[in-house]
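# Structure assessment
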Amino acid sequence: NVVSGAPTLADFKIESTSVPTKESLQNDQILVRTLYLSVDPYMRGRLSGAQDSYVESFVAGKTLFGLGVGVIEASTSPDYKEGDIITGDTLKWECKFIANARGFTKIPASSGISPANYLGILGMPSFTAYVGVVSLAKAKAGETILISAASGAVGQVAIQLAKARGLCVIGAAGSDDKVEFVKSLGADAAFNYKTCGDLTSAIKKAAPNGVDIYFDNVGGEFLDAALANMNSFGRIAECGMISQYNATEETAYRVKNLIRVVPKRLSILGFIVSDYYAKPDYANFITEVSTMLREGKIQYKLHEIVGLENGPQGLLDLFEGKNFGKLVVK
């Protein structure tokens with residue numbers, strides 16, 4: 001269904017149908033068995049039926065699709081053969097599907113990296129962290145960065161990229177376990193935003209010298225509190241505002257501290273990661289993070305749900321913070 005407000009399981013329908021076979025393939029097509037599907041906050045917007053978004057909306061009654069990894073079981077394309085592992089952003093939420101042989105990327109068979117990691121440490125969320133921390137905020141040694149949803153798919157990489165550049169890192173997460181994980185990644189301070197009380201005071205306590213960069217994943221009240229703690233010439237990398245994705249006109253949070261932008265000369269930098277894949281930033285990201293991965297200098301936590309039929313519940317869990325790390329459906 002087209003969804004207004006918080007989605008529920010009643011908005012999704014799971015269907016059984018006949019499995020496509022290689023005999024069904026037409027010219028230049030592939031038969032894909034899905035291995036992993038990515039569950040990400042941006043998918044909430046695709047449920048709204050919006051026609052003016054940066055990403056195509058889902059159509060009621062049609063199969064969901066998005067980032068994923070699959071294995072080719074049959075091919076009539078010269079570019080793919082049986083057994084090839086592919087990734088892309090148009091994998092259907094089906095156990096098997098037929099697709100035209102374009103818009104996918106082959107994963108090197110000898111990489112020694114789990115296919116799921118191409119949705120995580122080498123996938124879109126990690127590149128999102130790179131764009132926010134490096135490309136836009138231009139993080140410099142000695143600065144202080146505050147990261148919300150710090151244990152999540154994007155936040156955990158933002159922490160490590162910032163630490164590698166010599167920043168003081170402050171993380172906020174939604175449980176004590178997540179806070180400990182954030183600290184284990186190298187954060188200099190971390191707090192539980194659900195139990196810390198006043199957010200403005202909690203940020204000030206964790207970052208007594210103020211915040212130079214705020215990497216925003218949640219928006220709402222937390223953004224307001226961050227604005228109150230920003231240093232002059234600070235930068236806010238606007239990655240997402242998950243706290244507002246299910247909001248209605250009546251429940252949306254109205255930011256009160258936006259006036260701080262003027263006297264503090266702040267920059268608010270909104271971005272969509274897909275704009276950067278064709279730029280040198282992407283090659284720089286792959287080089288840096290692959291090297292860190294091989295050298296054991298970067299960690300990444302996946303939250304794995306098993307079973308396609310559990311995908312909708314996984315998407316709902318995302319908006320309640322029930323995931324711990326990058327959420328994928330196996």
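Refer to the structure presented above.
So, a few notes on the structure that sits alongside this text. (Residues numbered from 1 in each chain as written. Predicted model: local features only at pLDDT ≥ 70, side-chain atom pairs only at ≥ 80, totals over all residues. Heavy atoms only, no water.)

### Focus: the overall build of the protein chain
Looking only at helices and strands, the protein chain features 8 helices and 13 strands. Computed over C-alpha atoms, the radius of gyration of the protein chain comes to 20 Å, within 12% of the 20 Å expected from 2.2 N^0.38 for 330 residues, which places it in the range of a compact globule. By principal-axis analysis of the C-alpha atoms, the protein chain measures approximately 65 × 45 × 35 Å. The proportion of buried residues among the 330 residues of the protein chain is 50%. Considering only intrachain contacts with a sequence separation of at least 6, the fraction spanning at least 24 residues in the protein chain is 67%. Accessible surface, the protein chain as shown: approximately 15,800 Å² in total, 51% of it carbon and sulfur. The averaged location of the 34 negative side-chain charges in the protein chain is 4 Å from the averaged location of its 33 positive side-chain charges. (Helix = DSSP H or I, 4+ residues; strand = E, 2+ residues; numbered from the N terminus. Rg over C-alpha atoms; globule rule 2.2 N^0.38 Å. Buried < 20%, exposed > 50% of the residue type's maximum accessible area, 1.4 Å probe, protein only. Contact = heavy atoms within 4.5 Å. Areas by Shrake-Rupley, 256 points an atom, 1.4 Å probe, with all protein chains shown as cover. Lys, Arg positive; Asp, Glu negative; His and termini not counted. Charge placed at Lys NZ, Arg CZ, Asp CG, Glu CD.)

### A word on the pairing of strand 7 (residues 168-173)
Consecutive side chains of a regular strand alternate in pointing toward one face of the sheet and then the other. Buried residues dominate strand 7, accounting for 5 of its 6 residues. Across 4 bridges, the pairing between strand 6 (residues 144-147) and strand 7 is parallel. Looking across to strand 7, one finds that Leu 146 is bridged to Ile 170. Between strand 6 and its parallel partner strand 7, the chain crosses via helix 3 (residues 155-164), and the hand of that crossover is right-handed. As defined by bridge partners, strand 7 adjoins strand 8 (residues 189-192) across 4 bridges and the pair is classed as parallel. Looking across to strand 8, one finds that Ala 172 is bridged to Phe 191. Tracing the backbone out of strand 7, into helix 4 (residues 176-184) and back to the parallel element strand 8 gives a crossover that is right-handed. (Pairing = 2+ DSSP bridges. Right-handed = clockwise from strand over helix to strand, strands pointing away.)

### Details of the sheet that holds strand 8
Taken in spatial order, the 6 strands of this open sheet run 8-7-6-9-10-11, and their pairing is parallel. At either end of the open sheet lies a strand with only one pairing partner, and these are strand 8 and strand 11 (267-270). Direction aside, the axes of adjacent strands within the sheet are offset by 15 degrees on average. Packed on one face of the sheet, helix 2 (residues 124-136) meets strand 6, strand 9 (211-216), strand 10 (230-238) and strand 11 and runs near 155 degrees to strand 9. On top of the sheet, helix 4 reaches strand 7 and strand 8; it is set at about 170 degrees to strand 8, its chief contact. (Axes fitted to C-alpha atoms, helices over the stretch in contact; angles between N-to-C directions.)

### Describing the pairing of strand 2 (residues 65-75)
Burial analysis of strand 2 places 9 of its 11 residues in the buried class, which makes it a mostly covered element. Here strand 1 (residues 29-38) pairs with strand 2 via 7 bridges, running antiparallel. For Val 32, the partnering residue across the bridge sits in strand 2 and is Ile 72. As paired strands, strand 2 and strand 3 (residues 85-92) are joined by 6 bridges and run antiparallel to one another. Among the inter-strand pairings, Val 71 is bridged to a residue of strand 3, identified as Ile 85.

### Overview of the nonpolar core
Within the largest apolar cluster, 79 residues are counted, with the highest numbers of intra-cluster contacts made by Ile 30, Val 133, Ile 145 and Phe 215. The leading source of residues in this core is helix 2, at 8 residues. By size, the runner-up hydrophobic cluster in this structure holds 21 residues, among which are Ile 203, Val 218, Leu 223 and Leu 266. (Core = buried A, V, L, I, M, F, W, Y, C linked by side-chain atoms within 4.5 Å.)

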